[in-house]
Amino acid sequence: MELPTSFLFLFLALLIPGNSAIDPPCTSSKSDHSDLSVIHIYGKCSPFSPPRPESWINTVMKMASKDPKRVAYLSGLSAQNKTSVPVASGQQVLNVGNYLVQVKIGTPGQLMFMVLDTSNDAAWVPSSGCNGCSSITFAPNASTTFGVLDCSATQCTQVISLACSTAGPSPCMFNQSYGGDSSFFATLSQDSLRLASDIVPNYAFGCISAISGGSIPPQGLLGLGRGPLSLLSQAGSLYDNVFSYCLPSFKSYYFSGSLKLGPMGQPRSIRTTPLLKNPHRPSLYYVNLTGVSVGKVKVPIPQQFLAFDPDTGAGTVIDSGTVITRFVEPVYSAIRDEFRKQVSDPFSSLGAFDTCFSTKPEEVIPTVTLHFSGLDLALPMENTLIHSSAGSLACLAMAAAPSNVNSVLNVIANLQQQNLRILFDVANSRLGIARGLCN
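What comes next is a walk through the structure. (Residues numbered from 1 in each chain as written. Predicted model: local features only at pLDDT ≥ 70, side-chain atom pairs only at ≥ 80, totals over all residues. Heavy atoms only, no water.)

**Some details on the overall build of the protein chain**
Reasoning step 1: Each helix and strand in the protein chain was counted, giving six helices and 28 strands.
Reasoning step 2: Counting over 439 residues, the protein chain shows a buried share of 56%.
Reasoning step 3: Summed over its atoms, the accessible surface of the protein chain is roughly 17600 Å², and 54% of this surface lies on carbon and sulfur atoms. (Helix = DSSP H or I, 4+ residues; strand = E, 2+ residues; numbered from the N terminus. Buried < 20%, exposed > 50% of the residue type's maximum accessible area, 1.4 Å probe, protein only. Areas by Shrake-Rupley, 256 points an atom, 1.4 Å probe, with all protein chains shown as cover.)

Printed below as a string of structure tokens:
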């Protein structure tokens, strides 16, 4: 028998030992109608599975194991021819999706924990009878406002790999790849989308009927990219092309992060850098990374490895779905070598991390600073190093782009964004960054 979500949350709460009586609940306490909580996939508020008794560094390594395919996926994206919400952490690796928001679809609303993805436009959810999907699916027949879009709908021209019949009116069906190793088949549909207390009527999304591969988020995905099927585009004046998020630490259990939608409630004082647009990769949020410092040393990096080039796709993007920041190999090697020079410890490799060392209480670790046009981001130490759960082992939480990918893309990933308020002001073509503890 399937238990209601509210009962599941209560059951999980009863399992929390000791001093947990002072811990916040899994239900969102945010009162702003455009402020939603965000959770991470390993948080206690995620509905997927209990925490695993593994070392912390191994947990992050498993999460980052999908990064190479994610980077390949981002590098291969091309142009298509055709309020705040709580954010929290789940308890099972959802492959490429690391942060979840609570969304209700349909009338009455059906609760789904959807992956937040800034590098995709369309939303999609598994639907009843889906082949290969998880046990929790959206039931179109239970919604009084659900409808299927046919091939004559304007939205149908905005999806790729169409499967439309030429023999007359037919549903708009399409295939889509995701994460570099997975794909799904879906029917373009529309229904009410509820985010906190906001309702976006007639929201177009894909109802998935079949999947292949292991990277499709179990309860769907909410696209926050820049294309016509994204949340910003479909919500129109409701959010005025502005949103921000604060991603909680991977270790944060509860709905402590937030997704703020619309210009109201955004930081008034925030440093910004221009958002760049690539017509060949229109969904991605490009920024101009001009350099990197380690400690007081400006790392010597040839500018051709940082320069924005719309024709080749080269440059730097901000992405919510990649776990650890990936630089093209010459950039990463230069950063790593300078970091090693200043730390001067024996180094070892562990999974994706090639700069691991034993920390000492008196040791001063150099700050890594990312230089953008008009904005310098000095990474907090918790966004720079991954520490083991026990012992003194720490690893530089960055890596080179995978060698088997012809990548010219630098990806600023979610570990480096944790506990920062990241503002996407698409209306004014700028990205802002401010400190914002959300653990």
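Next comes the rest of the account.
**Let's talk about the packing of aromatic side chains**
Reasoning step 1: Tallying each qualifying case throughout the model produces 13 aromatic pairs.
Reasoning step 2: Centre to centre, the rings of F243 and F424 are 4.6 Å apart; their planes meet at 10°, and the pair counts as stacked. Taken together, the positions of F243 in strand β11 (residues 242–246) and F424 in strand β27 (residues 420–425) put the pair 181 residues apart, joining distant regions of the chain.
Reasoning step 3: Through a chain of ring-to-ring contacts, the aromatic side chains of W124, F174, Y178 and F184 assemble into a single cluster.
Reasoning step 4: The side chain of R340 reaches across the aromatic face of F347, ending 5.5 Å from its centre. (Phe/Tyr/Trp six-rings, centres within 6.5 Å; stacked < 30°, edge-to-face > 60°. Lys NZ or Arg CZ within 6 Å of the ring centre and 35° of its normal.)

**So, the sheet that holds strand β19 (residues 348–350)**
Reasoning step 1: As summarised here, the arrangement of the four strands in space is β19-β20-β24-β23, forming an open sheet in which the pairing is antiparallel. Each having just a single partner strand, β19 and β23 (385–387) make up the two edges of the open sheet. Adjacent strand axes in the sheet meet at a mean angle of 40°, parallel and antiparallel pairs treated alike.
Reasoning step 2: Running over the sheet, helix α5 (residues 329–343) touches β20 (353–358), β23 and β24 (393–396) and is turned about 10° from β20. (Pairing = 2+ DSSP bridges. Axes fitted to C-alpha atoms, helices over the stretch in contact; angles between N-to-C directions. Contact = heavy atoms within 4.5 Å.)

**Regarding the pattern of salt bridges**
Reasoning step 1: Scanning the entire structure with this criterion turns up six salt bridges.
Reasoning step 2: Of the charged contacts, one joins D354 and R336 as a salt bridge, the two residues approaching to 3.1 Å between their closest N and O atoms. Residue D354 is located in strand β20, and its partner R336 is located in helix α5; the two are separated by 18 residues in the primary sequence.
Reasoning step 3: Residue classification places D354 among the buried residues on the basis of a relative accessible area of 19%.
Reasoning step 4: The class for R336 is buried, based on a relative accessible area of 16%.
Reasoning step 5: In this structure, D425 and R430 form a salt bridge, with 2.7 Å as the shortest nitrogen-oxygen distance.
Reasoning step 6: On the basis of relative accessible area, R430 is assigned to the partly exposed category, the value being 30%. (Salt bridge = Lys/Arg side-chain N within 4 Å of Asp/Glu carboxyl O.)

**Looking at α5**
Reasoning step 1: When the terminal C-alpha atoms of α5 are compared, their 21 Å separation across 15 residues agrees well with the 21 Å that a helix rising 1.5 Å per residue should span.
Reasoning step 2: Along α5, the residues that are buried comprise V331, Y332, S333, A334, I335, R336, E338, F339 and V343.
Reasoning step 3: Remark: S344 follows α5 within two positions and exhibits a positive phi of approximately 60°. (Expected span 1.5 Å × (residues − 1).)

**Here we look at the side chain of D354**
Reasoning step 1: A polar side-chain atom of D354 sits 2.5 Å from a polar atom in the side chain of Y332.
Reasoning step 2: Of the polar contacts made by the side chain of D354, one reaches the side chain of T355; its length is 3.0 Å.
Reasoning step 3: Aside from chain neighbours lying at most four places away, what touches D354 is Y332, R336, R340, S348 and S349. (Polar contact = N/O pair within 3.5 Å; in protein donor to acceptor, adjacent residues only side chain to side chain.)

**Remarks on the state of the cysteines**
Reasoning step 1: This model, assessed by the stated rule, comprises four disulfides.
Reasoning step 2: Disulfide partner of C156: C172, at an S-S distance of 2.1 Å. The disulfide joining C156 to C172 has a torsion of about 90° about its S-S bond and is therefore right-handed. Of this pair, C156 sits in the loop between β6 (147–148) and β7 (173–178) while C172 sits in the loop between β6 and β7, and the two are 16 residues apart along the sequence.
Reasoning step 3: Given the relative accessible area of 1%, C156 is considered buried.
Reasoning step 4: Between the sulfur atoms of C356 and its disulfide partner C395 the distance amounts to 2.0 Å. Handedness of the C356-C395 disulfide follows from its S-S torsion of about 105°: it is right-handed. On the criterion of sequence distance, the pair formed by C356 in strand β20 and C395 in strand β24 is long-range, its members being 39 residues apart. (Disulfide = S-S within 2.5 Å.)

**Regarding the environment of G213**
Reasoning step 1: Mapped onto the fold, G213 is located in the loop between β9 (198–212) and β10 (221–223).
Reasoning step 2: Judged by relative accessible area, which is 47%, G213 ranks as partly exposed.
Reasoning step 3: Residues G213 and S182, 31 residues apart in the sequence, show an inter-C-alpha distance of 4.2 Å.
Reasoning step 4: In this view, G213 contacts D181 and S182; residues no more than four positions away in its chain are not counted.

**Here we look at the sheet that holds strand β16 (residues 297–298)**
Reasoning step 1: Taking strand neighbours across the sheet as the criterion, the four strands line up as β16-β15-β21-β22 in an open arrangement whose pairing is antiparallel. Single-partner strands in this sheet number two, and they are β16 and β22 (375–378).

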